[in-house]
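Geometric and topological summary
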Amino acid sequence: EAEVAQSPRYKITEKSQAVAFWCDPISGHATLYWYRQILGQGPELLVQFQDESVVDDSQLPKDRFSAERLKGVDSTLKIQPAELGDSAMYLCASSPRLTWNTEAFFGQGTRLTVV
Amino acid sequence: AQSVTQLDSHVSVSEGTPVLLRCNYSSSYSPSLFWYVQHPNKGLQLLLKYTSAATLVKGINGFEAEFKKSETSFHLTKPSAHMSDAAEYFCVVSALFSGGYNKLIFGAGTRLAVHP
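Described in the following lines is the structure provided in the data block. Quick caveat: nothing in here was measured; it's all calculated off a predicted structure.

Looking only at helices and strands, chain A features zero helices and 11 strands. Going from the N terminus to the C terminus, chain A shows its helices and strands as β-β-β-β-β-β-β-β-β-β-β. Its C-alpha radius of gyration of 13 Å places chain A within 12% of the 13 Å reference for a compact globule of 115 residues. Its C-alpha atoms give chain A principal-axis dimensions of about 40 × 30 × 25 Å. In chain A, buried positions account for 49% of the 115 residues. Long-range pairs, those at least 24 residues apart, make up 54% of the contacts in chain A between residues at least 6 apart in sequence.

Below, the structure is given as structure tokens:
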């Protein structure tokens, strides 16, 4: 069964360092999402791509976060510099092409700890 | 605007007893609704979805949910809880936003504990 791949699974970084996460969606899925999930809370959408274009990044802290999906396939989310408050689970998800009745398929996530 | 409210942050049941996780939604049009489950340090797995067909939706692992438009609710139920059901559950609504794209709006989650 096809899965969304994320790496690394766990990352510990020091405050003010740069960190990057990678996501490979299910083959053929046009829509890709990055969510941040703080412990005890629901996922919050950071950025949503349709193919290689960003369609929603309203909640992305653009002074330190960036995301790209250059060829409309895999994607990288970067944080520079990392802050203590960035400690969270970062989830990537994909869907064939999000319409009103399409679910998203999630990866295992990357657990980030900033020390 | 679309939103979803999960009415209980924590639910505790005994193994073998029924489970009820409550979700209310707000939508300006006929919504699409989902329930996802998340086990510790794992990604989210789709349990079931409602897309305007049958109002009673059956999902995986014995879960089901009923869409009630008059009550704007989409509660998740299971007749008999199993220890492996202990997890976080999220109710999700699909929302149409500017630009003609849909996005998924998550509730805050309900943590289900199952006791022997």
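We are not done yet, so read on.
The next point concerns the overall build of chain B. When helices and strands are counted, chain B shows zero helices and 12 strands. Counting from the amino terminus, helix and strand elements in chain B follow one another as β-β-β-β-β-β-β-β-β-β-β-β. The C-alpha radius of gyration computed for chain B amounts to 14 Å, which stays within 12% of the reference 13 Å derived for 116 residues, consistent with globular compactness. If one aligns the C-alpha atoms of chain B with their principal axes, the spans along those axes are about 50 × 30 × 20 Å. Across the 116 residues that make up chain B, the buried fraction comes to 45%. Of the roughly 5400 Å² of accessible surface on chain B, 54% is carried by carbon and sulfur atoms. Within chain B, the 7 negative side-chain charges are centred at a point lying 8 Å from the centre of the 9 positive side-chain charges.

A word on the environment of Gln108 of chain A. Positionally, Gln108 of chain A belongs in the loop between β10 (105–106) and β11 (110–114). Looking at Gln108 of chain A, the relative accessible area reads 33%, which means it is partly exposed. In the structure, Gln108 of chain A is positioned 103 residues away from Ala5 of chain A in sequence and 7.4 Å away in space, judged by C-alpha atoms. When neighbours within four sequence positions are excluded, Gln108 of chain A is seen to be in contact with Gln6, Arg9, Met89 and Leu91 of chain A together with Asn41, Lys42 and Gly43 of chain B.

Following the criterion strictly, the structure yields 13 aromatic pairs over all chains and no others. An angle of 85° between the planes, with centres 6.1 Å apart, marks the rings of Phe106 of chain A and Phe106 of chain B as edge-to-face. Of this pair, Phe106 of chain A sits in strand β10 while Phe106 of chain B sits in strand β11 (residues 101–106), on two different chains. Seen in terms of ring centroids, Phe34 of chain B and Tyr36 of chain B are 6.5 Å apart; in terms of plane orientation they differ by 40°. Their pairing is tilted.

Glancing now at the sheet that holds strand β3 (residues 19–24) of chain A. Residues and elements named next belong to chain A. Taken together, four strands build an open sheet; the order of strands is β1-β3-β8-β7 and the sheet is antiparallel. Looking along the sheet, the strands with just one partner apiece sit at the ends: β1 (5–7) and β7 (65–68). The sheet shows a mean angle of 15° between the axes of neighbouring strands, taken without regard to direction. Pairing of β1 with β3, which is carried by three bridges, proceeds in the antiparallel orientation. Bridge pairing in β3 places Ser7 opposite Trp22.

Moving on, we come to the side chain of His29 of chain A. Residue and element names in this part refer to chain A. Along the polypeptide, His29 turns up in the loop between β3 and β4 (31–37). Looking at His29, the relative accessible area reads 11%, which means it is buried. In terms of polar contacts, His29 uses its side chain to reach the backbone amide nitrogen of Ser95, at 3.4 Å. Ignoring anything within four residues of it in the chain, the contact list for His29 reads Arg69, Ser94, Ser95, Pro96 and Phe105.

Each value, and the rule that gives it
- Along each chain, the written sequence defines residue order, and numbers are assigned to residues from 1.
- Whichever chain is written first becomes A and whichever ligand is written first becomes 1, with later ones labelled in order.
- Local features in this predicted model are restricted to residues of pLDDT 70 or higher, and side-chain atom pairs are both shown and tallied only at a pLDDT of 80 or more, whereas totals for entire chains, interfaces and linings draw on every residue.
- The side-chain quantities take in all heavy atoms of the structure and omit both hydrogens and water.
- Going along the chain from the N terminus, every DSSP run of H or I of four or more residues is numbered as a helix, and every run of E of two or more is numbered as a strand.
- Here the globule rule is a power law, 2.2 Å times the number of residues to the power 0.38, and the radius of gyration is based on C-alpha atoms.
- For every residue, the accessible area obtained with a 1.4 Å probe (protein chains only) is divided by the maximum for its type, and the residue is called buried under 20%, exposed over 50%, and partly exposed between those limits.
- Any pair of residues with heavy atoms lying within 4.5 Å of one another is described as a contacting pair.
- Reported accessibility uses the Shrake-Rupley method at a 1.4 Å probe radius. Residues are deemed covered only where the shown protein chains occlude them.
- For this count, His and the chain ends are skipped, Lys and Arg are scored as positive, and Asp and Glu as negative.
- For this purpose, a charge sits on NZ of Lys, CZ of Arg, CG of Asp or CD of Glu.
- Geometry of aromatic contacts follows a simple scheme: Phe, Tyr and Trp rings, the Trp one being its six-membered ring, pair when their centres are within 6.5 Å, and the pair is stacked under 30 degrees between planes, edge-to-face over 60, tilted otherwise.
- Here, a strand pair is defined by DSSP locating no fewer than two bridges between the strands.
- Axis geometry follows a simple rule: fit a line to the C-alpha atoms, using only the stretch in contact for helices, then measure angles between N-to-C directions, giving values from 0 to 180 degrees.
- Any pair of N or O atoms that falls within 3.5 Å is considered a polar contact. Within protein, one atom must be able to donate a hydrogen and the other to accept it, and sequence-neighbouring residues count only if both atoms are side-chain atoms.

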